[in-house]
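Observations on chain architecture
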Amino acid sequence: MEYYRSWDGNGLPLHLTHKMTRAEAAACEALGTAYLIGYLDADAKLIPDVKMHRGMVFFAHEYTYYRSGRLKRMKLTNARGEVLVQHYRESDLPRFVW
């Protein structure tokens, strides 16, 4: 589990940026500002990511990959609990969806 201030780009999986400590994430939470939590697998691929805002989940992605490392499937859950699942061909260039 790693903590981040933001992400960049508009592709998937998210590219998390500005890594921070758990203490810094707790300070963000106390201030009601957003931060992200990333969970990496043994190959350093992002499996889920979660955006926290005001102590609550704002959105969460779950990812699965092809053996090549390309994104195969993305499941997005938003703050209202609505779920969107996207499947990708190995040649696709997945973009951020809300």
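Please refer to the structure placed before this passage.
First, a word on scope: everything that follows refers to the structure included in this document. (Residues numbered from 1 in each chain as written. Predicted model: local features only at pLDDT ≥ 70, side-chain atom pairs only at ≥ 80, totals over all residues. Heavy atoms only, no water.)

In this section: the pattern of salt bridges. Scanning the model with the defined rule gives five salt bridges in all. In this structure, the salt-bridge partner of Glu2 is Lys19, at a minimum N-O distance of 3.1 Å. Linking Glu2 in strand β1 (residues 2-8) with Lys19 in strand β2 (residues 15-20), this pair joins segments that are 17 residues apart in sequence. Between Glu82 and Arg80 there is a salt bridge, with the nearest N and O atoms lying 2.9 Å from each other. Take Arg80: its relative accessible area is 62%, and that puts it in the exposed class. (Salt bridge = Lys/Arg side-chain N within 4 Å of Asp/Glu carboxyl O. Helix = DSSP H or I, 4+ residues; strand = E, 2+ residues; numbered from the N terminus. Buried < 20%, exposed > 50% of the residue type's maximum accessible area, 1.4 Å probe, protein only.)

Our next topic: the pairing of strand β3 (residues 35-40). Pairing analysis gives three bridges linking β1 to β3, with the strands arranged antiparallel. Looking at β3, one finds that Tyr3 is bridged to Ile37. Where β3 lies against strand β4 (residues 46-53), five bridges are found, and the strand directions are antiparallel. Considered in β4, the bridge of Tyr35 is made with Met52. (Pairing = 2+ DSSP bridges.)

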